[in-house]
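If you want the building blocks of each chain, they are given just below.
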There are 2 protein chains.
Amino acid sequence: MSEQLSKTEKCVYFFGDGKADGDGQQRNLLGGKGANLAEMSLIGIPVPAGFTITTDVCTYYYNHEKNHPETLESQVVSNLRKVEEAMGGRFGDPGNPLLVSVRSGARVSMPGMMETVLNLGLNDRISEGLIAKSGNERFVWDVYRRFIQTYGDVVMGIQPEDREHDPFEAAIDSVKARRGITLDTDLTSNDLRELVDVFKDIVRDRTGRSFPESPMEQLWGSVNAVFDSWNGHRAIVYRNINDIPHNWGTAVNVQSMVYGNMGDDCATGVAFTRDPSTGAKKFYGEYLVNAQGEDVVAGVRTPEPVAKMRRQLPHAYRTLEQIYKKLELHYRDMQDIEFTVQEGELWMLQTRTGKRTAASALKIAVDMVKEGLVTREEAIARIDPAQLDHLLHPTFDPDAPREVLATGLPASPGAASGRAVFTADDAETMAEDGEAVILVRLETSPEDIGGMNAARGILTARGGQTSHAAVVARGMGKCCVAGCGALTIDYNSDLFAVNGTTVKAGDWISLDGSTGEVMLGRVPTLNPKLSGNFSTVMKWAEEIKQLDVRTNADTPQDSEIARKFGAEGIGLCRTEHMFFEGDRILAVREMILAADESGRRRALEKLLPIQRGDFEGIFRAMRGYPVTIRLLDPPLHEFLPHEPEQQHEMARQMGVPLGTIRKKVQSLHEFNPMLGHRGCRLGVTYPEIYEMQARAIFEAAVNVRKKRIRTLPEIMIPLVGTVKEFTELREMVDRVADEVLGGGRIKIDYLVGTMVEIPRAALVADAIAKSADFFSFGTNDLTQMTFGFSRDDAGKFLPAYIEQGILEQDPFLTMDQEGVGQLVIIGTERGRSARDSLKVGICGEHGGDPDSVKFCHRVGLDYVSCSPYRVPIARLAAAQAAIE
Amino acid sequence: MSEQLSKTEKCVYFFGDGKADGDGQQRNLLGGKGANLAEMSLIGIPVPAGFTITTDVCTYYYNHEKNHPETLESQVVSNLRKVEEAMGGRFGDPGNPLLVSVRSGARVSMPGMMETVLNLGLNDRISEGLIAKSGNERFVWDVYRRFIQTYGDVVMGIQPEDREHDPFEAAIDSVKARRGITLDTDLTSNDLRELVDVFKDIVRDRTGRSFPESPMEQLWGSVNAVFDSWNGHRAIVYRNINDIPHNWGTAVNVQSMVYGNMGDDCATGVAFTRDPSTGAKKFYGEYLVNAQGEDVVAGVRTPEPVAKMRRQLPHAYRTLEQIYKKLELHYRDMQDIEFTVQEGELWMLQTRTGKRTAASALKIAVDMVKEGLVTREEAIARIDPAQLDHLLHPTFDPDAPREVLATGLPASPGAASGRAVFTADDAETMAEDGEAVILVRLETSPEDIGGMNAARGILTARGGQTSHAAVVARGMGKCCVAGCGALTIDYNSDLFAVNGTTVKAGDWISLDGSTGEVMLGRVPTLNPKLSGNFSTVMKWAEEIKQLDVRTNADTPQDSEIARKFGAEGIGLCRTEHMFFEGDRILAVREMILAADESGRRRALEKLLPIQRGDFEGIFRAMRGYPVTIRLLDPPLHEFLPHEPEQQHEMARQMGVPLGTIRKKVQSLHEFNPMLGHRGCRLGVTYPEIYEMQARAIFEAAVNVRKKRIRTLPEIMIPLVGTVKEFTELREMVDRVADEVLGGGRIKIDYLVGTMVEIPRAALVADAIAKSADFFSFGTNDLTQMTFGFSRDDAGKFLPAYIEQGILEQDPFLTMDQEGVGQLVIIGTERGRSARDSLKVGICGEHGGDPDSVKFCHRVGLDYVSCSPYRVPIARLAAAQAAIE
């Protein structure tokens, strides 16, 4: 950016009439809009002619106490001449007037943050001339009064606090009241003419100055107003939030006005070069005759399908057909276009890449590759991986009515209806009876796993998008709305109240996990259909990507789903979920209550065959692919009931005094369980637990091997923070392996590694890697500890943080590359410096987030692991990362 | 270390007779003991002659399948000749026998971890010769049977599981039973002679080999046994725990035996060159005539004061006097010596730096500087800073009887007696009545502050050395025993049971905060007396140290104490404690219950003048010195009562429904409060709180300034993890400053900085430092998050971690330099890279830990801050760091 523009330097760029001084690449100099207009004009698209004042001028303006470079005025004047030539009118000439718009245009779009002046170049004399030329008096007075109103606001500073105090709107209301009408459209030509006079009076009264009659004065006033709006409050805040440098400045686009509302040979419309909802190769859009652009969107009149234009405005339509094809070919992507027909002549106002549904994105990608329009890589790069999510879950029928009770956090996508239940037990019982249920809880805990599994969807009043409910639900591919604070849940009466409605146990409710909506009754759903395009795109992604994509799965069922979605192994098999199902929880509790090691070992003996069976199932499902098994992680108190009723039940079931259970619960209580006695700390203090798990893993591998199925167990020690934690436990695992495998007589390849989720582990990664075969970054916990955020509590301040722009994104959903990412890089680099062959992956929620997946690719990880339903998203993101 | 010893390389080092091949510097080659003996001999101290086989030989031994280097044998033989010459006896010569000991000696002491053989060189014929020479038959048989017993165990591998299964001891017991005696000393010469035969039979039976008659064979067997013991199980575990490399190896010392138990012209004793308890310059020690070294320590006979030797063994005493003076001069420190007189001749067995009390250490330091023996720096370097702690707190009269009920963790030093109370309220009420009370709680919370302040000491059943109780107590300089798990506290009945005793409210108990002992009744205490030596040493420290030492203090009283101890400002003034006292808690609770910002502001209005008063007091106490004030840190739920009874009381006091309070408590509940809605997260979501605090600080500064007292407020934003948290809040503080100081009309210097306690803050320190004036590492929380350890819960596994050597030290007491230290370094370096003038300190518990203080000096911090009573310790450590 030049601080000082030389006297002769070019600072105004013409576009129009099939020519342009600049092109689409010059976004930095011309802003996004200016570059776009230049590009369209260059390729022969009819755009209303105009010129762009460069961003350098804006910079100069701010560096020189709001003065312009000397050369600017003459360049503007000469370019104005070119515009007049192209459009066949003259700026300020009552005989053949040319009106222009003045708009901002920064490098990146800052929608609505800066100022715009339309219809510029009018005064009383020119209005009369325009009436003579157009023969449309009402149109001209309407345009004129609009211009004064905008100019008064934007340039002359008549900014009301609200509509009620807006003097211009007050004047309109007064005329309407006098005339007994309510719609602006009912104002007559005379009314509007009167308003023009009133408006000019308002300007004089409010500013002490007359409304400027000189079109050139109007132009410079507007140009400066746009420059000034670059440093308006809204714009500054927006740039702060979006990390846009304040010294970029904005360009100013001065462009001829064209009107779609001058008569029946005029029209305005928007269209897509392909169908944005299905992707079908079909021109798709709407238009209105004798209307302004905003009318199409506003919904006052119902627009016509664009195909109808073929008959109504045949010349313009033929041109439009040629143009949309040209634009798609030029930009090599589906375009979203805006056009205006003025007196039978077609003008293109905008073209941009069209937004599309996930299904459409896939079809367009596959079609365009077939058509030879784009390469596979380009096609892949254009699909938004996050969008795929919609394809993989059921959705509500968009046409069905919804009675929304409240909106919580969209914690796990999908749509589900069921009867409300308030305990995990009820959920299980009713589901066994074939009922669809929605589990409603203040928050969930590991005790609720069975009920969550049985429910169609989960609704909680507390907790964020990475609360227990959310994480488990996503893992299960189950719909979840979390942290719906509007609910008042009453467990005693089995009901919840919300915004005046009471929902009792057994009542039907529906959850939309993609929007967070909680609805009364049973909203019909549509099942997801995976098209052939999906498979095609996934196949391409597979060929392109370098990162492996694994899944987080704890059961053979989840493993099967993930395999279907293309998972290349399990990156995280949590063993604690296996401790809850059915009767095994009894053995787990027996172990916890045991007075000493031998008591614990007796209880663990009972668990051994069950765990072995679990692992056999998973090994079979993942045949040949690596399976990373995390040894027990949660604190033991999670396996004991905390509510008195359940404690009674447990005492009865196990034949132990209630007091014993209460005492144990009390003695296991923790202030900060997240930072407590869990993970490898359990392994160190109760080695017999990990020993049993290691034994179960190796015995399962041996059994599966007998059926000629290969296994690749990767045993993961969680929560390691010091070298010796790891080396001691690895030694134990190796010893058990040696025992089970008969000192090497049975050949099972296995790895022992650790989850890097404690900041300290990343800092001492070189020392740990000396004896670890792999690292898996547990970015959920790593994020919690690096930020000092408890993900179960962060709901109390994280929303405010994101709203205020303190954080751009929820770091539990998208990895914080600036902070947590540093630890991932440090851990990876130091780890590999000590062991070349170290396998490194991540297995936090971030493994399924596209931006985070790309980060992992750049850092050079070997794999990411995510919940089964996000595997396709991660695969696509991995392919995009490889392309980038 | 040479892997391969050349044929001629020297691997045996002689010492004795005023000569030595090595010296005191050669610890790596000769081991600690060997180097020490060489040094003593070199300076003319009479040590029994001997030689050292180097550590290189040990390494060779392990690298060559337990073979010796070729050259070893001849070197041993020739050195043995030198020893014979020096001592006037001959190894293996019945006519004039020489006996030797064979001991290990690694570079660093590994006490009791390796093997020793004494009295080596005996067989039947030599015994007869020795009897003839010494004329002391019983002595010889006793020495002989001991030799067989030890050699049988150490060299020949007759290692019983326990005493009962020890065949040698069984034989002794059998003789004693037959003779009807119980003490070994009652065994006659004949008994012992008989035992020698029995022992030899045992050896033959157990090993199938005869006891070796050849002294040379005995010697080599013992040398190899010492080498082997380097890799014994105990030694390996010890090295693992203490991070001693396994490849260092041990030296072997072969040294002539001397005996203090050959008759009345023999003696043995230990002595200190100065009084180890007072430091008085007075030879101090004890001896026993006709005794072995172990007899002096064992307490079977009462030893005599060493001064008595002057009359009893005048020649030896005169020599001893010369020697102890020589040793102190040579080593330039108080020595702890061991000696033996054999037949009137004095032999020195050992000299080492003498352990001493804190008082003695100070006196010796000051005296030796006066005597010109050492420099101030040397004197300072020798004082153990941790020891000073004892001087600063009351202690129990060591002569008073103690009835110890249980032992908890020594959480805050000092001694206190008082009546047991079980609630903070009771503590306050009884203290107001003039009673001494000890507050007994399961654990403490911020609600208990008032009661903790009123109590003489605090006893908790849960929580570790850095639990709330411990931290607050140390801050208050108050005695605390924490985590005393043996207590069963019953709040309903106001009593606790412990190991069969029940202590009711009102019963007297005593706490020793330095040992963790909980005692029944009232144990008399002694008040600390700070000597002139203390001031002298502190003055020297002041002149030497570079690091500033500040204090953590929240009240004017604490500030005064800290100033007296030499604190150079406040490094951490916690404002939350100010929220609890008296009526202010009502306003705090009103703020928390307020429905909206304006309600909160109304409540904060009431707090403003009170806080302002707090700060005025502190500014006055610290006149001129900087005061770092941390804005509110703890989560709001800490200010609400959690027990139903107190909630009722609050509802009554405030005139609000109980339900409102319960709901608020419920809505503020957090799963992991440590990682929750606290610190600057409160400042972001409720800026009015920080605003009030900032206003109170500046208004206080202005008021104090009117009294011509300078203030240097340093406002610290806690728990910052992202740049924008800091910049937003700093902007607010600057705005308030501007308002209070009339836009700069009043001149108050102030800084705004942050506490670096979130790992992420250290990682993005460069970005934060762009707008921060100072960093203060909050190493308590930084340790919690870097390790993922909740300090309130770590008591469940940390003791096991330290016991098993997974961690060498409690990272909450001594900074983990390997992990947390990295973040301190990263944060400091990055912070200073962005702002040269950045002031950097630490204010965690570590600020009072000597090792951590030294680390801070090395990293180049500007200051450390610690609780008032640790200020002298930190000052001394800072001086030592500067010296090092």
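Trainee: Please clarify how the interface of chain B and chain A should be interpreted in this entry.
Mentor: Put simply, an interface is often sized by how much accessible area is lost when its parts join up. Contact residues are listed per partner, giving 53 residues for chain B and 52 residues for chain A. For the pair chain B and chain A, the two sides together bury roughly 4900 Å², of which 55% comes from carbon and sulfur. The largest per-residue losses of area from chain B upon contact with chain A belong to Phe 671, Leu 675 and Arg 760 of chain B, which jointly make up 14% of the total buried on that side. Viewed at the interface, chain A and chain B are joined by four salt bridges. In this structure, Arg 760 of chain B and Glu 818 of chain A form a salt bridge, with 3.1 Å as the shortest nitrogen-oxygen distance. Here chain B is connected to chain A by 30 residue pairs in polar contact (both at pLDDT 80 or more).

Trainee: Could you clarify how one ought to interpret the environment of Arg 620 of chain B in this entry?
Mentor: Note on placement: Arg 620 of chain B falls in helix α22 (residues 597-621). Sequence separation between Arg 620 of chain B and Pro 556 of chain B is 64 residues, and the spatial gap between their C-alpha atoms is 7.9 Å.

Trainee: Explain the sheet that holds strand β4 (residues 100-106) of chain B here, please?
Mentor: Strand pairing in a sheet relies on backbone hydrogen bonds. The paired strands run either parallel or antiparallel. All names here are of chain B. Reading across the sheet, the six strands line up as β2-β1-β3-β6-β4-β5 and stay open at both edges, with antiparallel pairing between neighbours. Strands at the two margins of the open sheet, each flanked by one partner only, are β2 (19-20) and β5 (116-120). Judged from the four bridges that link them, strand β3 (residues 50-53) and strand β6 (residues 250-256) form a sheet pairing that is antiparallel. Residue pairing for β6: Gly 50 is matched across the bridge by Gln 255. This element, helix α3 (residues 72-87), spans β1 (12-16), β3 and β6 of the sheet and lies at about 5° to β1.

Trainee: Sorry, what's going on with helix α33 (residues 850-859) of chain B here?
Mentor: Three- or four-residue spacings in an α-helix give side chains the same orientation, since the helix completes a turn every 3.6 residues. Residues and elements named next belong to chain B. Counting buried positions along α33 yields eight of 10 residues, so the element is predominantly enclosed. When we look at burial in α33, the residues that qualify are Pro 850, Ser 852, Val 853, Lys 854, Phe 855, Cys 856, His 857 and Val 859. Those residues of α33 that are buried lie in contact with α15 (385-392), α32 (820-834), β31 (839-842), β32 (863-866) and α34 (871-883). Just past α33, the residue Gly 860 takes up positive phi, approximately 90°.

Trainee: Which parts of the structure should I look at to understand the packing of aromatic side chains?
Mentor: All names here are of chain A. The final tally for this structure, using the stated rule, is 38 aromatic pairs over all chains. For the ring pair Phe 789 and Tyr 801, a centre distance of 6.4 Å and an interplane angle of 85° mean the geometry is edge-to-face. A residue pair is termed long-range when its members are at least 10 positions apart, and Phe 789 in the loop between α30 (779-787) and α31 (798-803) and Tyr 801 in helix α31 qualify at 12 residues. Phe 789 sits in the buried class, given a relative accessible area of 1%. We classify Tyr 801 as buried; its relative accessible area is 0%. An aromatic cluster of three or more residues is present, and its members are Phe 787, Phe 789, Phe 797 and Tyr 801. A cation over an aromatic ring shows up here: Arg 550 above the ring of Tyr 863, its NZ or CZ 3.9 Å from the ring centre.

Trainee: Teacher, can you tell me more about the pairing of β32 of chain B here?
Mentor: One face of the sheet, then the other: side chains in a regular strand alternate in exactly this way. Residue and element names in this part refer to chain B. Alternating residues of β32 divide into Tyr 863 and Ser 865 and Val 864 and Cys 866, and every residue in both groups is buried. Pairing analysis gives four bridges linking strand β25 (residues 548-552) to β32, with the strands arranged parallel. Across the sheet, residue Val 549 finds its bridge partner in β32, namely Val 864. As judged from the two bridges shared by β31 and β32, these two strands associate in the parallel manner. Counterpart to Ile 842 in the pairing with β32 is Val 864. Tracing the backbone out of β31, into α33 and back to the parallel element β32 gives a crossover that is right-handed.

Trainee: Before we go on, may I ask you to explain the sheet that holds strand β23 (residues 517-520) of chain B in this structure?
Mentor: Residue and element names in this part refer to chain B. Strand order in the open sheet made by the eight strands is β13-β23-β22-β15-β16-β17-β18-β14, with mixed pairing throughout. Edge positions in the sheet fall to β13 (404-407) and β14 (409-412), since each has one partner strand and no second. Each neighbouring strand pair of the sheet contributes to a mean axis angle of 30°, computed without reference to strand direction.

Trainee: Can you walk me through the relation of the copies chain B and chain A in this structure?
Mentor: Related by rotation about an axis and a shift along that axis, the two copies of the chain form a pair. Least-squares fitting of chain B to chain A yields an RMSD of 0.2 Å, with the superposition described by an axial translation of 0.1 Å and a rotation of 180°. Each copy turns onto its partner about a two-fold axis. Residues of chain B ranked by C-alpha distance from the rotation axis are headed by Asn 672 of chain B, positioned 2.2 Å from it. Counting the interface residues of chain B, we find that 98% of their copies in chain A are interface residues as well, pointing to one common contact surface.

What counts, and where the lines are drawn
Residues numbered from 1 in each chain as written. Chains lettered and ligands numbered in written order. Predicted model: local features only at pLDDT ≥ 70, side-chain atom pairs only at ≥ 80, totals over all residues. Heavy atoms only, no water. Contact = heavy atoms within 4.5 Å. Buried area = accessible area lost by both parts, 1.4 Å probe. Salt bridge = Lys/Arg side-chain N within 4 Å of Asp/Glu carboxyl O. Polar contact = N/O pair within 3.5 Å; in protein donor to acceptor, adjacent residues only side chain to side chain. Helix = DSSP H or I, 4+ residues; strand = E, 2+ residues; numbered from the N terminus. Pairing = 2+ DSSP bridges. Axes fitted to C-alpha atoms, helices over the stretch in contact; angles between N-to-C directions. Buried < 20%, exposed > 50% of the residue type's maximum accessible area, 1.4 Å probe, protein only. Phe/Tyr/Trp six-rings, centres within 6.5 Å; stacked < 30°, edge-to-face > 60°. Lys NZ or Arg CZ within 6 Å of the ring centre and 35° of its normal. Right-handed = clockwise from strand over helix to strand, strands pointing away. Least-squares fit on C-alpha atoms with pLDDT ≥ 70 in both.

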